[in-house]
Amino acid sequence: MKYYFAPLEGITGYLYRNIHHKHFPGIDRYYSPFVVTRDGGIMKRKELRDILPENNREVTLIPQILTNHAENFLCAAETMYELGYQEVNLNLGCPSGTVTGKGRGSGFLKWENRSKLQHFLEEIYQYAKPKISIKTRIGWEDPEEFTDLLQLYNSFPICELTIHPRTRTEMYREGVHREIFRQAYKTSVNPVCYNGDIKTEDDVREFGQEFPQLSSVMIGRGLLSNPGLVSGIVGKDTGKQELEAFYYELFDAYQQELSGDVHLLHKMKELWIFMAPQFTEHEKYLKQIKKSRKLSEYETVVRKLFYEQELA
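Basis of the calculations
Residues numbered from 1 in each chain as written. Predicted model: local features only at pLDDT ≥ 70, side-chain atom pairs only at ≥ 80, totals over all residues. Heavy atoms only, no water. Helix = DSSP H or I, 4+ residues; strand = E, 2+ residues; numbered from the N terminus. Rg over C-alpha atoms; globule rule 2.2 N^0.38 Å. Buried < 20%, exposed > 50% of the residue type's maximum accessible area, 1.4 Å probe, protein only. Contact = heavy atoms within 4.5 Å. Areas by Shrake-Rupley, 256 points an atom, 1.4 Å probe, with all protein chains shown as cover. Pairing = 2+ DSSP bridges. Right-handed = clockwise from strand over helix to strand, strands pointing away. Salt bridge = Lys/Arg side-chain N within 4 Å of Asp/Glu carboxyl O.

A. Geometry of the overall build of the chain. When its secondary structure is counted, the chain shows 14 helices and ten strands. Taken over the C-alpha trace, the chain has a radius of gyration of 20 Å; the compact-globule value for 312 residues is 20 Å, and the two agree within 12%. By its C-alpha atoms, the chain is 55 × 45 × 35 Å across when sized along the principal axes. For the chain, with 312 residues in total, the buried portion stands at 54%. Put simply, 74% of the contacts in the chain that link residues at least 6 apart link residues at least 24 apart. Accessible area for the chain stands at about 14,700 Å²; split by element, carbon and sulfur atoms hold 47% of it.

B. Expanded view of unusual backbone geometry. Phi is positive for Met171, which is not a glycine, with a value near 50°. Mapping Met171 onto the fold places it in the loop between strand 8 (161-164) and helix 7 (178-187). What makes Met171 partly exposed here is its relative accessible area of 22%. A positive phi angle is found at Asp197, which is not glycine, with a value near 60°. When you line up the elements, Asp197 lands in the loop between strand 9 (192-195) and helix 8 (201-210).

C. Expanded view of the pairing of strand 6 (residues 87-92). Along strand 6, six of the six residues are buried, which leaves the element largely enclosed by surrounding structure. Both faces of strand 6 are covered, namely the face carrying Glu87, Asn89 and Asn91 and the face carrying Val88, Leu90 and Leu92. With two bridges connecting them, strand 5 (residues 64-66) and strand 6 associate as parallel partners. Note that in strand 6 the partner of Gln64 across the bridge is Asn89. Between the parallel pair strand 5 and strand 6, the chain is carried across by helix 3 (residues 70-82), and the sense of this crossover is right-handed. The sheet contact formed by strand 6 and strand 7 (residues 131-137) spans six bridges and is parallel. Counterpart to Asn91 in the pairing with strand 7 is Lys135.

D. Inspection of the pattern of salt bridges at higher detail. All chains considered together, the criterion is met by twelve salt bridges. The partner of Arg17 in a salt bridge is Asp50, with the nearest N and O atoms 3.3 Å apart. In this pair, Arg17 sits in helix 1 (residues 14-23) while Asp50 sits in helix 2 (residues 45-51), placing the two residues 33 residues apart along the sequence. Classification of Arg17 by relative accessible area gives buried; the value is 1%. Glu78 is paired through a salt bridge with Lys129; the nearest N and O atoms lie 3.3 Å apart. A residue pair is termed long-range when its members are at least 10 positions apart, and Glu78 in helix 3 and Lys129 in the loop between helix 5 (114-127) and strand 7 qualify at 51 residues. Of the residues examined, Glu78 reaches a relative accessible area of 32% and is grouped as partly exposed. One salt-bridge network, in which partners are shared between bridges, spans Arg29, Glu87 and Glu160.

Limitation: the analysis is restricted to geometry and does not speak to function.
Here is the structure:
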């Protein structure tokens, strides 16, 4: 089984990826937060910086592209190929309204966009230089939409199809449709990867038992909550001491990278929303972290959390 770290915009940038890999081995691939292409495939400087090979020497990175224009995709894919990337990932899963409202991400999966999606895939698979994997949801509003979607996907040489078995309208609220993934596991002509609601080591082991031929799983929020999740599976015990070392190295890196305490506080508060539930009696500490207005207040709360509580 291979383990992939799913991207999350604003959190899993190159600083996070490199420091995570240093402290918690076991991740085979990290996926970049999506790069939004523009006319000519031009990327923002921040997006380009995140995928530059010199900023990702310690990890295996797959850049992810978000667009519904084939020409823009091909331009961005060529840039990434020239940077040395042999594979890029197409985002057909993002459920954010600002993305889907423009027909991108899971918005591209709407039935009225199906013909456009087919033509888009035909063009990129014909002309792209790197291999193309896809991360997808199972439809816009009805899980049964995936029957036709999978038939479409089966007509293209997708190097790996990562399936998040929820529709866009379900966002992250409903449970995953495991039976839909089971269908793809049996009938996809392309290799499949599973993504969705993997939170514990037991979740991974049970999933591997149910799908013994599955080659890979992609984990997102489960790894943000427990950065050592995969390390434990591959045999390295990780406890509070290692988590604390990871946190403080990440905090120091962000402190050097970001301008001003406000930006740093915002970044760390977002991270603690995922990490705090690992700890016993974490609620009051998370509340204080969210309320912190000064960096000194924030740092005091975090020190107390590490000192006073244990991993749940």
